[in-house]
Amino acid sequence: MTPYDRIRRQLDDNTAVLLDGAIGSELVRRGIRWRGHGLRTDPDQVQALHAEYIAAGADVIRTNTFQLNDRIYLNVFRDPDHRRHIGAPGLETRAHDLTFRAVEMAVAARDESGTDVAIAGVMAPLEHCFRPDLAPDDSTALKQHGEIADWFSQAGVDLLLLESMNNVGEARMAAEAAVSSGLPVWVSFIMGPEGAILSGEPLADGVRAVDALGVEAVLVNCVPPEDTAHGVEQLRMATSLPVGAFAQVGRFDPPSWKFEFHPRFTDSGDWSPEKYAEKAQGWRGAGARIIGGCCGTDPNYIRALREIL
Amino acid sequence: MSPYDDIRARMISGETIILDGGIGTEILRRDLTWSDHQVLDRPDAIRGLHEDYIRAGADVITTNSFQLAKRSFLGHFRDEAHMNYIGVPGLEERAAEMLTASVDLCKQARDNVGADRPVAIAGAVTTLEWCFRPDLAPTEDQMREEYREIMATMAAAGADLILLETVNSVTEARVGLEAAVRAGLPCWVGFVCNEQGELFTGETMADVENALAPLEPDVILVNCIPPDDATAGLRELLAVRKGPCGVYPHIGRFDPPEWHFTAEYPPTTLLEESQRWKEMGTRVIGGCCGTTPEHIAKLAEGLRG
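Residues numbered from 1 in each chain as written. Chains lettered and ligands numbered in written order. Predicted model: local features only at pLDDT ≥ 70, side-chain atom pairs only at ≥ 80, totals over all residues.

> Just checking my understanding: could you explain the overall build of chain A for this structure?
A count of helical and extended segments in chain A gives 11 helices and 10 strands. In summary, chain A has a C-alpha radius of gyration of 18 Å against a globular reference of 19 Å for 309 residues, a match within 12%. Along the first, second and third principal axes, the C-alpha atoms of chain A reach 55 × 40 × 40 Å. For chain A, the residues scored as buried account for 60% of the 309 residues in total. When contacts within chain A are restricted to residue pairs at least 6 apart in sequence, long-range pairs at least 24 apart make up 76% of them. (Helix = DSSP H or I, 4+ residues; strand = E, 2+ residues; numbered from the N terminus. Rg over C-alpha atoms; globule rule 2.2 N^0.38 Å. Buried ≥ 20, exposed ≤ 12 C-beta atoms within 10 Å, placed from the backbone. Contact = placed C-beta atoms within 7 Å.)

> Is there a simple way to explain the interface of chain B and chain A in this structure?
Many descriptions give the size of an interface as the accessible area lost when the pieces come together. Listed by partner, the interface residues are 32 residues for chain B and 32 residues for chain A. For the side of chain B that touches chain A, the secondary structure elements donating two or more residues are α4 (70-74), α5 (80-86), β8 (253-255) and β9 (258-260) of chain B. Take the side of chain B that touches chain A: its biggest share by element is 4 residues, from α5 of chain B. When the residues that make up the side of chain B that touches chain A are grouped by side-chain class, the tally is 16 nonpolar, 10 polar and 6 charged. (Nonpolar A, V, L, I, M, F, W, Y, C, P; charged D, E, K, R; others polar.)

> Help me understand the sheet that holds strand β4 (residues 159-165) of chain A in this model?
Strands belonging to one sheet form pairs held by backbone hydrogen bonds; the direction of such a pair is parallel or antiparallel. Residue and element names in this part refer to chain A. Taken together, 8 strands build an open sheet; the order of strands is β1-β10-β7-β6-β5-β4-β3-β2 and the sheet is parallel. Here the strands that pair on one side only, and so sit at the sheet edges, are β1 (17-18) and β2 (60-62). Relative to strand β5 (residues 185-190), β4 runs parallel, the two being bridged by 4 bridges. Looking at the pairing, L161 lines up with W186 of β5. (Pairing = 2+ DSSP bridges.)

> Honestly, helix α7 (residues 168-180) of chain A in this entry has me stumped. Any pointers?
Three or four residues apart is the spacing at which side chains of an α-helix point the same way, because the helix has 3.6 residues per turn. Residues and elements named next belong to chain A. Spanning 13 residues, α7 covers 18 Å between terminal C-alpha atoms, matching the ideal 18 Å at 1.5 Å per step. Most of α7 is tucked away, with 10 of its 13 residues classed as buried. Looking only at α7, the buried set comprises V168, E170, A171, R172, M173, A174, A175, E176, A177 and A178. Just downstream of α7, G182 is the residue with a positive phi angle, here 90°. (Expected span 1.5 Å × (residues − 1).)

> Before we go on, may I ask you to explain the sheet that holds strand β1 (residues 17-18) of chain B in this structure?
All names here are of chain B. One open sheet holds the 8 strands; their spatial order is β1-β10-β7-β6-β5-β4-β3-β2, and the pairing between them is parallel. In the strand order of this sheet, the two ends are held by β1 and β2 (60-62), each with one partner. Here β2 runs beside strand β3 (residues 120-126); their pairing, made up of 3 bridges, is parallel. Within β3, the position partnered with T62 by the bridge is A122.

> I would appreciate a short explanation of the confidence of the model for chain B in the present structure.
For residues with low pLDDT, the predicted coordinates do not support detailed interpretation. Of all residues in chain B, 100% have pLDDT values of 70 or greater, and the mean over the chain is 97. Reported for the predicted complex are a pTM of 0.96 and an ipTM of 0.94. (pLDDT = per-residue confidence, 0-100.)

> Can you walk me through unusual backbone geometry in this structure?
Residues and elements named next belong to chain B. For the bond from P256 to P257, the omega torsion is 5°, close enough to zero to count as cis. Phi at E216 is positive, roughly 55°, even though this residue is not glycine. Note on E216: 11 C-beta atoms within 10 Å, which makes it exposed. One non-glycine residue, C224, lies in the positive phi region at around 55°. Its place among the elements puts C224 in the loop between β6 (219-223) and α10 (227-240). We classify C224 as buried; it has 27 C-beta atoms within 10 Å.

> Is there a simple way to think about helix α8 (residues 170-182) of chain B in this case?
Residue and element names in this part refer to chain B. Between its first and last C-alpha, α8 extends 18 Å over 13 residues, near the 18 Å set by a 1.5 Å rise per residue. Within α8 the residues assigned to the buried category are V170, E172, A173, R174, V175, G176, L177, A179 and A180. Looking at the packing, one finds that the buried side of α8 touches β3, α7 (140-157), β4 (161-167), β5 (187-191) and α9 (205-212). G184 lies just past α8 and shows a positive phi near 80°.

> I'm lost on the nonpolar core in this one. Help?
One broad rule of soluble globular proteins: the nonpolar side chains tend to lie buried together. In terms of nonpolar packing, the biggest core is built from 212 residues, with L160, L162 and I291 of chain A together with I162, L164 and V189 of chain B touching the most fellow members. Here the element with the most residues in this core is helix α6 (residues 91-113) of chain B; it accounts for 9 residues. Once you skip the residues sitting within four places of it in the chain, I162 of chain B turns out to touch A122, G123, V125, M151, M154, A180, L185 and C187 of chain B. (Core = buried A, V, L, I, M, F, W, Y, C linked by C-beta atoms within 7 Å.)

> Would you mind going over the pairing of β3 of chain B with me for this structure?
On any regular strand, side chains alternate: one points to one face of the sheet, the next to the other face. Residue and element names in this part refer to chain B. The buried fraction of β3 amounts to 7 of the 7 residues, a majority that puts the element mostly inside the structure. The side-chain alternation of β3 yields two buried faces, one formed by A120, A122, A124 and T126 and the other by I121, G123 and V125. Sheet topology places β3 next to β4; 5 bridges connect them, and they run parallel. In the sheet register, V125 faces β4, and the bridge partner there is L164.

> So what exactly am I meant to see when it comes to the packing of α6 of chain B against α7 of chain B here?
Each pair of packed helices gets described by two things: the angle between the helix axes and the distance between those axes. All names here are of chain B. Between α6 and α7, whose axes approach to 9 Å, the crossing angle comes to 35°. You can see that α6 and α7 cross each other, and the crossing is right-handed. On α7, the residues touching A96, L99, T100, V103 and D104 of α6 are I150, T153, M154 and A157. Grouping the constituent residues of the contact of α6 with α7 by class yields 6 nonpolar, 2 polar and 1 charged. (Axes fitted to C-alpha atoms, helices over the stretch in contact; angles between N-to-C directions. Left-handed = near helix turned anticlockwise from the far one by under 90°.)

> Whenever I open this one, the pairing of β4 of chain A confuses me. Can you help?
Burial analysis of β4 of chain A places 7 of its 7 residues in the buried class, which makes it a mostly covered element. Where the polypeptide runs from β4 of chain A across α7 of chain A and back to β5 of chain A, its parallel neighbour, the crossover connection is right-handed. (Right-handed = clockwise from strand over helix to strand, strands pointing away.)

> When you look at the environment of R148 of chain B in this model, what are you seeing that I'm missing?
Residue and element names in this part refer to chain B. Secondary-structure assignment places R148 in helix α7. In this structure, the C-alpha to C-alpha distance between R148 and A183, residues 35 residues apart in sequence, is 7.6 Å. Other than its neighbours up to four places away in sequence, R148 contacts A179 and R182.

Shown next as structure tokens:
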């Protein structure tokens, strides 16, 4: 039985599947200087955090690859020629190389744990996750998500998790690319203040678009815990697929430089792990079968969730 | 009388004026993250690096405020409603607070060092969107509004002049310069250019001079480009420019989100390049990303007098 077979069985039995918590925001909180997702400078800390999530009871751990794609290493140059002219060596393959490194860290943590947790390769919007207006056109999105899905497929993950999808069009292209890899695919939408996808499109539209492509679960993420149940209800009404949620705690504290997404979340004091887990029982009640933590959460949140699930 | 008046008079009389070196990259060398300007979180470190540049011999030091604008924070969110939904409080005001702090730290550094020569503080202001991407620039009306706010903050904080740097288009240079003039601040304008000495928009140095000369910028410079490209840009600029010109190249390579330091241009090599730029007629010389107080000390020693 592969690691994902066990997850699929849990979903079929309506047994809760526990996702891990945040990687990026937790590495930043631990004092890691955020560059290359910490994968070049602090791979041991990345692996250690995966190990903590496994020890906390996660069934699925996620790779440290949120918004890791070639565009983040290209958008800050005039064009590819300018990148070659003034850029550091290796930038052309940086996203590819770090994706493989990220999978290695997750696999190493699993091997060391002696468990069979499933490893989800995390794919995300190609442009800034909070800026649906910047999303690339369909053919670009399909091509670039296709490349990333291929990397994960070669590197050896058990499923692909499309996280923080902020509009229907890119979610559809990313899901199509991901499903083509042959791996099981879950798609998670980021919610805006109106209770819809961040783009303003109804969650039901996003769910229908990816359901038709053969994804195995749909979720909402990066939404405050108090608004998460509403997202779960909308998902459940829109599909018979398993649904899930992982909420963010604290508030996004953006960098003063305009580089790629910098996962700094502060002020998480309002939501203790216990309070979060209590709230998550409501999501479970609303029909969520997959539950975990987004930005601002840490292994204590996953441990608290394990106790109540 | 501002310390800048004396520096300006000396520059016009033909003296070489020394600008400081890399600020952001010095933050990295001091083992701090580039994700924040650190003017509020680590004022000691930022003040210290300004002090190092004054001791190295810089006549003009620049604030640690590259690309620091309201837009830098707001651009991370879908819109204001979304920022209020998941962002930390106070982001609307954060840029202005940090700009003010960046000037304060330069003033403190100047007081602490007490150099026996005038030291002027240049408020560093950059393109509103990414410096290497002219295609992302906002509309002219939008620019005008945002630059007015930035220049007013810089003037209120006590900057002696503005260094509008790494500019990538004539339009943005003109709008930023107009705003500085309107705020009553002298202004230098630095451009990033390609290997042929043209702006990334394809505009030429003649276009630059024609558009900016009526607004009387004290200096037009080229910056944040490798030394060879700087030579090309200077050659084009000096051929058309009536007023003073300047240069501060970067050394090493951009390694987003940080900098890749190389040993290609140690201080003595940069001095040799700088002597050639001086002979070409350049009045202001300093360093951009990757240069250090050691580079500036060498330039000050070798180019003065």
